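An overview of the molecular structure
These are the residues of each chain, in order.
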Amino acid sequence: MVLFLRRCLTRTTRCPTLTPKSRREINYFLKPNACFSANFRDLSNKSFVYTARMALTPRESGEYIVENAKHVRVLPAGIEKLTQEILKALKEKRLSVENFSQHELHPNPDSNHPEDYVKAADWVFVLDTLNFCFWTPDNYTKYKVNGYTGYFALCAAVKRAISEGLDITNPKYYSEIDLKTLKDIFRSDDGVTEIPLLQKRVDCLHEVGKVLLNKYDGRFENVIKAADKSAVRLLDLVVEEFPCFRDQAEFAGKRVSILKRAQILVGDIWCCYQGKGLGYFHDIYKITMFADYRVPQVLVLFGSLEYTPELLEFLKTDTILENGDPREVEIRGASIYIIERVRDEVVKLLKENHPDISVDNVNSIVIDQYLWDYRRQHNADLEHIPFHKVLSIYY
């Protein structure tokens, strides 16, 4: 990182967008032990410009990927169809920020209980540190905990661990957790199936736990406060401080950002606190959808995303792609692009035709959540649509 910052300072003639303010910020981080000695208020004033300079933002990435895509197409008619579905869901109040806390496995923080209130943020952070890859090659829903599959199996396992007296949301505990202990925490209903990428999960917990302890007094609450009520700043901070959240790829000559887990972390904090208190961000609308391997199935069903015949046939073979493969990047980037277009159109139509419906909480986060739930509720209708398969810590 330091090498990158020094290069930024020596290339000002080639980086006209590097403002004097940006150079001052970079110089700040080049001071010995600057990152470690700065207090949280100091950090909150830093924009982490070097992260932004290194790659396109998720929204910019979606646009760039679609412009250069060779394996997927975005269809305007399908975007319009999806827009109408989201409008209908809003009118019928089936799409709301409150949906997160209403799930029995999610925390519902109460500001009248301060300790539990901030602990909810630690819970969300641990869950989204581990929120990746729940399918096994031979059976996509084989891993189950208390009857739950996928992400909710993860939630159920963490809830079970807490009920058994394990301090699983405390970085002092999970920064030193061993493979055997974590394997037991995530034991499946059948006693045989293991959660995929178990060692990677140990590595991720060690990495993020040590950073929290060394720089943020062991509380994710302090990371949130360092972002100074900015969702974008929190996103940049998470990506910079915790490398396991750095979901980026090289595509068509540029560095693109997908940032599924980092964005869902910001989104989950916002949803968990219902956009208030610790979950208030003045720029939450800048967070895009969380590009995974399931929502694209819904986009294909609605006719907004189309695969080339060659890609469709490849996906039907169940071949596992490498993370960063252009086909994977195109599917995920196109997903971001489509949901951003839908969000923009929905907000426009609400302002024009439905002034009674507030647009304050209408963003890509709640649209993504709605489509993710839609996929689970209409699984039978989507089984014929193959999804891309990648064994990765990023989603």
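The structure displayed is predicted, hence computed values, not measured ones. (Residues numbered from 1 in each chain as written. Predicted model: local features only at pLDDT ≥ 70, side-chain atom pairs only at ≥ 80, totals over all residues. Heavy atoms only, no water.)

1. What about the overall build of the chain?
Scanning the chain from N- to C-terminus turns up 20 helices and eight strands. The buried share of the chain, reckoned over its 395 residues, is 55%. As presented, the chain carries roughly 17800 Å² of accessible surface, and 49% of it is formed by carbon and sulfur atoms. (Helix = DSSP H or I, 4+ residues; strand = E, 2+ residues; numbered from the N terminus. Buried < 20%, exposed > 50% of the residue type's maximum accessible area, 1.4 Å probe, protein only. Areas by Shrake-Rupley, 256 points an atom, 1.4 Å probe, with all protein chains shown as cover.)

2. Re unusual backbone geometry
With a phi close to 55°, Asp-217 is a non-glycine residue in the positive phi region. Within the secondary structure, Asp-217 sits in the loop between helix 12 (198-215) and helix 13 (220-226). Overall, the relative accessible area of 62% leaves Asp-217 in the exposed class. Its identity as a non-glycine residue notwithstanding, Ala-252 has a phi of 50°, on the positive side. Looking at the secondary structure, you find Ala-252 in the loop between strand 4 (248-251) and strand 5 (254-257).

3. Side note on the packing of helix 7 (residues 76-91) against helix 18 (residues 326-353)
For the pair helix 7 and helix 18, interaxial distance at closest approach is 9 Å and the crossing angle is 55°. Comparing the axis directions of helix 7 and helix 18 gives the class oblique. Helix-helix and strand crossings are classified by hand; for helix 7 and helix 18 the assignment is right-handed. When helix 7 is examined against helix 18, the residues Ile-79, Leu-82, Thr-83, Gln-84, Ile-86, Leu-87 and Leu-90 are found in contact with a partner set consisting of Ile-338, Ile-339, Arg-341, Val-342, Glu-345, Val-346, Leu-349 and Leu-350. In terms of residue class, the contact of helix 7 with helix 18 is made up of eleven nonpolar, two polar and two charged. (Axes fitted to C-alpha atoms, helices over the stretch in contact; angles between N-to-C directions. Parallel < 35°, antiparallel > 145°, perpendicular 65-115°, else oblique. Left-handed = near helix turned anticlockwise from the far one by under 90°. Contact = heavy atoms within 4.5 Å. Nonpolar A, V, L, I, M, F, W, Y, C, P; charged D, E, K, R; others polar.)

4. Thoughts on the pattern of salt bridges
Applying the stated rule across the entire model yields 22 salt bridges. Residues joined by salt bridges that share partners form a network here, namely Arg-59, Glu-63, Glu-340, Arg-341, Arg-343 and Asp-344. (Salt bridge = Lys/Arg side-chain N within 4 Å of Asp/Glu carboxyl O.)

5. Some points on the environment of Val-118
Along the chain, Val-118 falls in helix 8 (residues 114-129). You can call Val-118 buried: its relative accessible area is 11%. Among all residues touching Val-118, those that are not within four sequence positions of it are Arg-219, Glu-221 and Tyr-273.

6. Brief notes about helix 9 (residues 150-163)
Over its 14 residues, helix 9 extends 20 Å from the first C-alpha to the last, a length consistent with the 20 Å expected when each residue adds 1.5 Å. The buried count for helix 9 comes to eleven of 14 residues, which makes it a mostly enclosed element. Within the sequence span of helix 9, burial applies to Gly-150, Tyr-151, Phe-152, Ala-153, Leu-154, Cys-155, Ala-156, Ala-157, Val-158, Arg-160 and Ala-161. (Expected span 1.5 Å × (residues − 1).)

7. Looking at empty space enclosed by the protein
The full count for this structure, using the stated rule, is one cavity of 30 Å³ or more. Volume-wise, the largest cavity comes out at about 40 Å³. Along the walls of the largest cavity sit Asp-247, Gln-248, Ala-249, Ile-258, Asn-323, Gly-324, Glu-328, Val-329 and Arg-332, which together make up its complete lining. Elements that contribute at least two residues to the lining of the largest cavity include exactly strand 4 and helix 18. Looking at the lining of the largest cavity element by element, the count peaks at three residues for helix 18. Taken together, the residues of the lining of the largest cavity break down into three nonpolar, three polar and three charged. (1 Å grid on protein atoms, 1.4 Å probe; cavity = no way out; pocket = protein on both sides within 12 Å on 5 of 7 lines; lining within 4 Å. Points joined across faces, edges and corners; volume = space filled by probe spheres on them.)

8. As for the nonpolar core
Core analysis: the biggest nonpolar cluster contains 125 residues, and Phe-186, Phe-220 and Leu-371 have the highest contact counts within it. With sequence-adjacent residues up to four places away left out, Phe-186 is seen in contact with Leu-130, Tyr-143, Leu-154, Ala-157, Val-158, Arg-160, Ile-195 and Leu-198. (Core = buried A, V, L, I, M, F, W, Y, C linked by side-chain atoms within 4.5 Å.)

9. A few points about the pairing of strand 4
In this structure, strand 4 lies alongside strand 5, joined through four bridges in antiparallel fashion. Residue pairing for strand 5: Ala-249 is matched across the bridge by Val-256. Counted along the chain from strand 4 to the antiparallel partner strand 5, the turn is two residues long, and its residue Ala-252 has a positive phi close to 50°. (Pairing = 2+ DSSP bridges.)

10. What about the packing of aromatic side chains?
Tallied over the full model, the rule gives 14 aromatic pairs. Ring geometry for Phe-125 and Phe-242: centres 5.2 Å apart, planes at 55°, overall tilted. With Phe-125 in helix 8 and Phe-242 in the loop between helix 14 (231-241) and strand 4, the pair connects residues that are 117 residues apart, well separated along the chain. Residue Phe-125 shares its accessibility class with Phe-242, and that shared class is buried. Here a set of aromatic residues connected by ring pairs shows up, and it is made of Phe-125, Phe-220, Phe-242 and Phe-245. The ring of Phe-245 has Arg-261 sitting right over it, with the charged end atom 4.3 Å from the ring centre. (Phe/Tyr/Trp six-rings, centres within 6.5 Å; stacked < 30°, edge-to-face > 60°. Lys NZ or Arg CZ within 6 Å of the ring centre and 35° of its normal.)

11. Examining the layout of surface pockets
Taken as a whole, the largest pocket spans an internal volume of roughly 910 Å³. Lining the largest pocket we find 40 residues, and of these Tyr-151, Phe-152, Trp-372, Asp-373 and Arg-376 sit closest to its centre. Of all the secondary-structure elements, those providing two or more residues to the lining of the largest pocket are helix 9, helix 15 (260-272) and helix 19 (364-377). Element by element, the count of residues in the lining of the largest pocket is highest for helix 19, at ten residues. For the lining of the largest pocket, the class distribution of residues is 18 nonpolar, twelve polar and ten charged.

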